Structures are given as structure tokens and as C-alpha cells.
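Notes for the structure review
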Amino acid sequence: MKKTNEETIKNVLKEWIQSSNLKPKLNQARVVKYWEELMGPTIAGYTRQIYVSKGKLFIVLDSAPLRQELSFGKEKIMSMINAELGEDFVKEVIIR
């Protein structure tokens, strides 16, 4: 019987992403993508900028009342995004 070295494309890509240090950049892109899905179109409409730097999620909003309201739910925002990513990528949420 001939042995083969077969792996699924999913596993090969996963290993390649891990070895090439692309995972943080991919996770950052996924956070931006999931923002509107998780928070809804209204909140996404008031969001001017969203980015991740060194485990901190920065959210820049146009609305002061919304900024105040979301500041009370930082832990929930962090847990929702981390759950969507499947790992603890975001360590802190900063709303400006």
C-alpha cells in the first residue's frame, strides 16, 4: 500500500497563516467586517473608524450619546467579537 501525504486545503492554509504571521492582519480585517453584522446598521452608520492595535479595539464614533451608551457595554462588545473570531484577539475596547 502506498502512503500519501494528504492534508485538507483548510489545514494547509491554517498552518501557512500561522507560520507567516498573517493572522493578526486577517483578524483585524474580520473585526471590521463583523462590526456591522454584530452591532447593526444604525451603530455602524455612526462609526467613523474601527481598527485593532496591539490587542486594543479602537472605535471612533460620530455620536456622543452613542459613545456614552457603548462605553457601558465594552465587555460585551469584546466578548461578542472574540466569540465571532473564535479566540481572545481583542483584550480591550477603547471608544472615542
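Scoring rules and cut-offs
- Residues numbered from 1 in each chain as written.
- Predicted model: local features only at pLDDT ≥ 70, side-chain atom pairs only at ≥ 80, totals over all residues.
- Heavy atoms only, no water.
- Axes fitted to C-alpha atoms, helices over the stretch in contact; angles between N-to-C directions.
- Helix = DSSP H or I, 4+ residues; strand = E, 2+ residues; numbered from the N terminus.
- Left-handed = near helix turned anticlockwise from the far one by under 90°.
- Contact = heavy atoms within 4.5 Å.
- Nonpolar A, V, L, I, M, F, W, Y, C, P; charged D, E, K, R; others polar.
- Phe/Tyr/Trp six-rings, centres within 6.5 Å; stacked < 30°, edge-to-face > 60°.
- Salt bridge = Lys/Arg side-chain N within 4 Å of Asp/Glu carboxyl O.
- Buried < 20%, exposed > 50% of the residue type's maximum accessible area, 1.4 Å probe, protein only.
- Expected span 1.5 Å × (residues − 1).
- Bend = angle between axes of the 7 residues up to and from the residue.

1. Structural notes on the packing of helix 2 (residues 23-39) against helix 5 (residues 74-85)
Across the interface, helix 2 lies against helix 5 with an axial gap of 10 Å and an inter-helix angle of 120 degrees. In this structure, helix 2 meets helix 5 at a crossing whose hand is right-handed. Across the interface between the two elements, N27, R30, V31, Y34, W35, L38 and M39 of helix 2 pack against I77, M80, I81, E84 and L85 of helix 5. Classifying every residue of the contact of helix 2 with helix 5 gives nine nonpolar, one polar and two charged.

2. Here's the deal with the packing of aromatic side chains
Per the stated rule, a full pass over the model turns up one aromatic pair. An angle of 15 degrees between the planes, with centres 4.9 Å apart, marks the rings of Y51 and F58 as stacked.

3. Describing unusual backbone geometry
With a phi angle near 55 degrees, K54 is a residue other than glycine that sits in the positive phi range. Here K54 is to be found in the loop between strand 1 (47-53) and strand 2 (56-61).

4. Describing the pattern of salt bridges
Counted by the stated rule, this structure contains two salt bridges. Of the charged contacts, one joins E87 and K23 as a salt bridge, the two residues approaching to 3.2 Å between their closest N and O atoms. Placement of E87 in the loop between helix 5 and strand 3 (92-95) and of K23 in helix 2 is noted, with a sequence separation of 64 residues between them. Judged by its relative accessible area of 28%, E87 falls in the partly exposed class. In this structure, the salt-bridge partner of R48 is D62, at a minimum N-O distance of 2.8 Å. One end of the pair, R48, is in strand 1; the other, D62, is in the loop between strand 2 and helix 4 (64-71), with 14 residues separating them in the sequence. According to the relative accessible area criterion, R48 is exposed, its value standing at 58%.

5. A word on the environment of L22
When you line up the elements, L22 lands in the loop between helix 1 (9-19) and helix 2. Judged by its relative accessible area of 31%, L22 falls in the partly exposed class. When residues no more than four places from it in sequence are discounted, the contact partners of L22 are W16 and I17.

6. Describing helix 2
An ideal rise of 1.5 Å per residue puts 24 Å on 17 residues; helix 2 measures up with 23 Å between its terminal C-alpha atoms. For helix 2, the principal kink sits at K33 and spans about 30 degrees. Turning to helix 2, its buried residues number three or more, namely N27, V31, Y34, W35 and M39. Against helix 3 (41-46), strand 1, strand 2, helix 4 and helix 5 lie the buried residues of helix 2. Looking one or two residues beyond helix 2, the residue adopting positive phi is G40, at roughly 95 degrees.

These figures capture arrangement, not role.
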